[in-house]
Amino acid sequence: MPSYKLTYFNGRGRGELARLLFAAGGIEYEDVRVAGEQWQELKPKTPFGQLPILDVDGTMICQGMAIGRLIAKAVGLAGKTDLEAARADMIIDGLEDLGHKVLPIFIEKDENKKAELKKEFTEKTLPPALDHFEKLASAEGYFVGNSLTWADVNFFAFLGFMTGFVPGDHLKGKVNLNKVMGNVTSNAGIAKWLKERPETEF
């Protein structure tokens, strides 16, 4: 079994998918959380000057989705066939596209502009995007096949992060997506992690 060390800030953000996948697979790892001077010292040593990074037996992997895909394969959540894996990647990429549209809200400092961005996102951008994901999820609550994959886990992680700064009952009336959320939280390892994970600002 490889030795894993995940490094990210003291928050969920783009590091939480990896933590959830490790939890789902019951894989032990070192959860390193950095801030301030620690990050400034580490930043020049990272591949792209950003976090998260995953150290696997001394090899450093960067980019959240590359890390997620690696762990998903290790824990059997990447899809059972090449076609299932591609469909999972399709969901992942769709969430990445949506995430890029959330980012301006997260980084905006002016509170009035932030409020305008939130309003536009929740009223115009988010509803049609969630409609697409609702159609892509099965009646059983899976994006791929008939069992949990990292696509489901990432949707859960994304929605949790997004709701942290764009509050609301975004899945109201979304039967399939609510089942996706339920399937993720009913995984024993993930349920344990959700109960025990530290409270953070983001």
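Residues numbered from 1 in each chain as written. Predicted model: local features only at pLDDT ≥ 70, side-chain atom pairs only at ≥ 80, totals over all residues. Heavy atoms only, no water.

Caption draft 1: Up close: the packing of aromatic side chains. Counted according to the given criterion, the structure contains 11 aromatic pairs. Ring centres of Phe133 and Phe143 lie 6.2 Å apart, and the angle between their planes is 75 degrees; this geometry places the pair in the edge-to-face category. Placement of the pair is Phe133 in helix α5 (residues 111-136) and Phe143 in the loop between α5 and α6 (150-165), with a sequence separation of 10 residues. Owing to a relative accessible area of 7%, Phe133 belongs among the buried residues under this scheme. On the basis of relative accessible area, Phe143 is assigned to the buried category, the value being 2%. (Phe/Tyr/Trp six-rings, centres within 6.5 Å; stacked < 30°, edge-to-face > 60°. Helix = DSSP H or I, 4+ residues; strand = E, 2+ residues; numbered from the N terminus. Buried < 20%, exposed > 50% of the residue type's maximum accessible area, 1.4 Å probe, protein only.)

Caption draft 2: Spatial organisation of the sheet that holds strand β2 (residues 30-34). In spatial order, the strands read β2-β1-β3-β4; together these four strands make up an open sheet with mixed pairing. Of all the strands in the sheet, just β2 and β4 (59-62) have a single pairing partner and so form its edges. Sheet twist, expressed as the average angle between the axes of neighbouring strands with direction ignored, equals 20 degrees. Of the strand pairs in this sheet, strand β1 (residues 4-9) and strand β3 (residues 53-56) are connected by four bridges, and their pairing is antiparallel. Across the sheet, the residue bridging to Tyr4 is Val56, located in β3. (Pairing = 2+ DSSP bridges. Axes fitted to C-alpha atoms, helices over the stretch in contact; angles between N-to-C directions.)

Caption draft 3: Representation of the packing of helix α1 (residues 16-25) against helix α8 (residues 188-196) within the structure. Two numbers describe how α1 lies on α8: the axes approach to 7 Å, and their chain directions differ by 130 degrees. One way to sum up the angle between α1 and α8 is to call them oblique. By crossing handedness, the relation of α1 to α8 is classed as right-handed. Residue-level inspection shows Glu16, Arg19, Leu20, Ala23 and Ala24 of α1 in contact with α8, the latter providing Gly189, Ile190, Trp193 and Leu194. (Parallel < 35°, antiparallel > 145°, perpendicular 65-115°, else oblique. Left-handed = near helix turned anticlockwise from the far one by under 90°. Contact = heavy atoms within 4.5 Å.)

Caption draft 4: Molecular detail of the layout of surface pockets. Of the pockets and cavities examined, the largest pocket occupies roughly 590 Å³. The wall of the largest pocket is formed by 21 residues, among which Gly13, Arg14, Gly99, Leu103 and Phe161 lie closest to the centre. When residues of the lining of the largest pocket are traced back to their parent elements, those giving at least two are α1, α4 (82-107) and α6. By residue number, the principal contributor to the lining of the largest pocket is α4, which donates eight residues. Its residues assigned to classes, the lining of the largest pocket comprises 14 nonpolar, four polar and three charged. Taken as a whole, the second largest pocket spans an internal volume of roughly 260 Å³. For the second largest pocket, the lining is made up of 15 residues, of which Arg12, Gly160, Phe161, Gly164 and Phe202 are closest to its centre. Of all elements in the fold, only α1 and α6 reach the threshold of two or more residues within the lining of the second largest pocket. (1 Å grid on protein atoms, 1.4 Å probe; cavity = no way out; pocket = protein on both sides within 12 Å on 5 of 7 lines; lining within 4 Å. Points joined across faces, edges and corners; volume = space filled by probe spheres on them. Nonpolar A, V, L, I, M, F, W, Y, C, P; charged D, E, K, R; others polar.)

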